[in-house]
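# Chain and residue survey
Residue-level listing of the chains:
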Amino acid sequence: QVHLVESGGGLVQPGGSLRLSCAASGSIFRSLAMAWYRQAPGKERELVASITSGGSTNHADSVKGRFTISRDNAKNTVYLQMNSLKPEDTAVYYCNARWGTMIDSWGQGTQVAVAS
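What comes next is a walk through the structure. Note that this is a predicted model, so its numbers are computed, not measured.

So, about the overall build of the protein chain. In terms of regular secondary structure, the protein chain is built from zero helices and 11 strands. Starting at the N terminus and walking to the C terminus, you meet the elements of the protein chain as β-β-β-β-β-β-β-β-β-β-β. What you see for the protein chain is a C-alpha radius of gyration of 13 Å, in line with the 13 Å of a compact globule of 116 residues. The C-alpha extent of the protein chain, read off along each of the three principal axes, is 40 × 25 × 20 Å. Once local pairs closer than 6 in sequence are excluded, the contacts in the protein chain between residues at least 24 apart make up 53%. Accessible surface computed for the protein chain: about 6,100 Å², of which carbon and sulfur atoms make up 49%. Seen as two clouds, the 11 positive and the 8 negative side-chain charges of the protein chain have centres 5 Å apart.

In structure tokens:
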């Protein structure tokens with residue numbers, strides 16, 4: 001498995017921005033499919049954005065145009081740039097790494113709170 005450590009969460013006002021980072025251990029990062037999920041209180045975990053090993057991205061409709069996922073293979077890190085944040089974006093954000101059926105790793109989560 002891959003060890004993942006998220007950072008960058010915090011409290012921000014509506015309309016503000018945050019950038020989440022997820023650092024991965026090991027030497028196979030460039031082969032991993034990476035994703036960001038979030039889970040709000042009382043709700044199921046949902047996919048926010050994903051990026052393949054080749055760099056193709058997908059974003060949930062609820063965040064399109066506001067959030068951007070990216071990766072830096074030289075730093076073993078995946079990012080989630082979040083702009084125009086809304087109160088409904090409040091959740092714990094989790095990083096996920098997958099490689100076929102061999103690897104399915106999760107980070108510990110980072111809290112994002114959007115409130116005035």
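The subject of this paragraph is the state of the cysteines. A covalent bond between the sulfur atoms of two cysteines is what we call a disulfide. Overall, the coordinates contain one disulfide when judged by the stated rule. A sulfur-sulfur separation of 2.1 Å characterises the disulfide bridge that pairs Cys22 with Cys95. In this structure, the disulfide formed by Cys22 and Cys95 twists by about -85 degrees around the S-S bond and is classed as left-handed. Taken together, the residues span a long stretch of sequence, with Cys22 in strand E3 (residues 18–24) and Cys95 in strand E9 (residues 91–99) at a distance of 73 residues. In this structure, Cys22 and Cys95 share a single accessibility class: buried.

Together, Ile28, Trp99 and Met102 make up a nonpolar patch on the protein surface, roughly 320 Å² of accessible area in all. Exposure remark for Ile28: the relative accessible area of 33% places this residue in the partly exposed category.

The rules we used
- Residues numbered from 1 in each chain as written.
- Predicted model: local features only at pLDDT ≥ 70, side-chain atom pairs only at ≥ 80, totals over all residues.
- Heavy atoms only, no water.
- Helix = DSSP H or I, 4+ residues; strand = E, 2+ residues; numbered from the N terminus.
- Rg over C-alpha atoms; globule rule 2.2 N^0.38 Å.
- Contact = heavy atoms within 4.5 Å.
- Areas by Shrake-Rupley, 256 points an atom, 1.4 Å probe, with all protein chains shown as cover.
- Lys, Arg positive; Asp, Glu negative; His and termini not counted.
- Charge placed at Lys NZ, Arg CZ, Asp CG, Glu CD.
- Disulfide = S-S within 2.5 Å.
- Buried < 20%, exposed > 50% of the residue type's maximum accessible area, 1.4 Å probe, protein only.
- Patch = residues over 30% accessible without salt bridge, like charges linked within 9 Å, V, L, I, M, F, W, Y side chains within 5 Å.
- Salt bridge = Lys/Arg side-chain N within 4 Å of Asp/Glu carboxyl O.

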